[in-house]
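Geometric and topological summary
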Amino acid sequence: MKVTFLGGGNMATALIGGLLGKEARADDIAVVEISEAARMRLQQRFGVRCHATPDGEALAGDVLVLAVKPQQMREVCALLKGRVREQLIISIAAGLHLADISGWLGGYRHLVRAMPNTPALIGAGMSGLFALPEVPDAGRQMAERILQAAGSTLWVADEAQLDAVTAISGSGPAYVFLLIEAMQAAAGELGFTSAQARQLALKTVLGAAQLAAQSGDDAAILRERVTSKGGTTEAALKVMEARGVKAGIIAGAQAACAQSRVLGEQLGDRAQKPGDPSAT
Ligand SMILES: NC(=O)C1=CN([C@@H]2O[C@H](COP(=O)(O)OP(=O)(O)OC[C@H]3O[C@@H](n4cnc5c(N)ncnc54)[C@H](O)[C@@H]3O)[C@@H](O)[C@H]2O)C=CC1
Ligand SMILES: O=C(O)[C@@H]1CCC=N1
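All of these numbers come straight from a predicted model, not from anything done at the bench.

Each value, and the rule that gives it
- Residues numbered from 1 in each chain as written.
- Chains lettered and ligands numbered in written order.
- Predicted model: local features only at pLDDT ≥ 70, side-chain atom pairs only at ≥ 80, totals over all residues.
- Buried ≥ 20, exposed ≤ 12 C-beta atoms within 10 Å, placed from the backbone.
- Helix = DSSP H or I, 4+ residues; strand = E, 2+ residues; numbered from the N terminus.
- Pairing = 2+ DSSP bridges.
- Right-handed = clockwise from strand over helix to strand, strands pointing away.
- Near = placed C-beta within 6 Å.
- Nonpolar A, V, L, I, M, F, W, Y, C, P; charged D, E, K, R; others polar.
- Expected span 1.5 Å × (residues − 1).
- Arc of directions from axis to C-beta.
- UniProt positions renumbered as here; feature names shortened; annotations may be inferred.
- Axes fitted to C-alpha atoms, helices over the stretch in contact; angles between N-to-C directions.
- Domains from an automatic or database assignment.
- Contact = placed C-beta atoms within 7 Å.

Moving on, we come to the pairing of strand β4 (residues 63-66). Judged by which residues are buried, β4 turns out to be covered on both faces: V63 and V65 on one side and L64 and L66 on the other are all buried. Here strand β1 (residues 3-6) runs beside β4; their pairing, made up of four bridges, is parallel. Directly across from F5, in β4, lies its bridge partner V65. Here four bridges tie β4 to strand β5 (residues 88-91), and the two strands are oriented parallel to one another. What sits directly across from V63, in β5, is L88. What joins β4 to β5 is helix α3 (residues 73-80), and the crossover it makes is right-handed.

To continue, consider the site of ligand 1. Residues in contact with ligand 1 amount to 27 residues; listed here are only the nearest, G7, G9, M11, A93 and A94. Going through the elements one at a time, α1 (10-19) and α3 are the ones with two or more residues in the shell around ligand 1. Ranked by the residues each element gives to the shell around ligand 1, the list is headed by α1, at three residues. Here the residues of the shell around ligand 1 sort into 15 nonpolar, nine polar and three charged.

Let us look at helix α5 (residues 137-149). Between its first and last C-alpha, α5 extends 18 Å over 13 residues, near the 18 Å set by a 1.5 Å rise per residue. Three or more residues of α5 are buried, namely G139, M142, A143, I146, L147 and A149. Relative to the axis of α5, the buried residues are bounded by an arc of 165° and lie together on one face. Within α5, the exposed residues directed more than 90 degrees away from the buried face are D137, A138 and Q141.

Moving on, we get to the UniProt feature "domain: Pyrroline-5-carboxylate reductase catalytic N-terminal" (unreviewed entry) in the protein chain. Under the feature "domain: Pyrroline-5-carboxylate reductase catalytic N-terminal" (unreviewed entry), the UniProt entry names residues 2-95. Its end C-alpha atoms 26 Å apart, residues 2-95 is made of 31% helix and 20% strand.

Ordered in space as β3-β2-β1-β4-β5-β6-β7-β8, the eight strands form an open sheet in which the pairing is mixed. Two strands in the sheet have a free side with no partner beyond their single neighbour: β3 (49-51) and β8 (151-155). Between one strand and the next, the sheet's axes are offset by a mean angle of 25°, whatever the strand orientation. Pairing of β5 with strand β6 (residues 111-115) involves three bridges; the strand directions are parallel. Bridged to I90 within β6 is V112.

A word on the domain arrangement of the protein chain. Here the protein chain is partitioned into domain 1 (3-160) and domain 2 (172-262). Between the C-alpha centres of domain 1 and domain 2 there is a distance of 32 Å. Each side of the interface is counted separately: domain 1 has five residues, and domain 2 has four residues. Considered class by class, the residues forming the side of domain 1 that touches domain 2 number two nonpolar, three polar and no charged.

Taken together, A94, T166, G170 and S171 make up the full set of residues adjacent to ligand 2. Classifying every residue of the shell around ligand 2 by side-chain character gives one nonpolar, three polar and no charged.

Next comes the structure, spelled out in structure tokens:
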């Protein structure tokens, strides 16, 4: 399977990392990337072919992955319009509706919207997927293979659910990195060196996530097992509750979901007034 990425930034890098050695070799992957520095980085890191513009060779792949920022998508679709025939196109952009992307591509309908996350780089990603009804089974399977090379997948029946996937697993690694940052900072305050703080925080997060994944019990039960009456964890959780840590995470995820919807509305054609000269 030949895969071309349009945009070779953070998320494309993570997906390429997942694909290599599983579904694809370096010469099966091409990247169209306007930044020379990014092209150099990708060539050196993965040995993939990089193009400055979407020339015919770059677009010859079986699958095109649109991996530019949502604000850059309309421009990239204009470059592809009329030049894609049978390929599967996967957009990984937050918020953007397939109806808009299809319109920008001149009515092209072999479209899948995916929401991956950066742990894809090590094959530990989590992706939500949605396909337009016109996508044949073979296309869905190709999308599944690409995202499964990067980790786990979840197909949703309604495209709008991808805004919620974005809020949980798309942005979610940042919430976990924030937790790691905070635990390292706390360890530093308690007298550990940064190397010790990193080991204590990372191994704890990793171990707790593995235990939660392998145990049949809910996270709440696992949390209770750590929390002895009158003990240290109870003291910590009381302070965290008073500071609204859990409520803050829930409200944050809701804000991420709302922002995904805002991006889709603001950048999509539905937001444009009739007669807007930038409308296509
Ligand atoms: N970073 C993340 O954790 C996730 C990002 N996404 C989505 O992935 C997409 C990309 O995000 P990032 O990789 O974080 O952004 P990024 O800014 O790191 O990468 C975008 C790349 O596209 C390039 N680019 C811009 N215009 C171009 C054009 N006309 N032709 C070719 N290349 C062009 C830029 O030079 C840049 O390297 C976004 O739509 C985002 O919503 C989805 C899931 C997670
Ligand atoms: O922050 C963003 O908009 C992108 C989408 C999910 C993760 N990063």
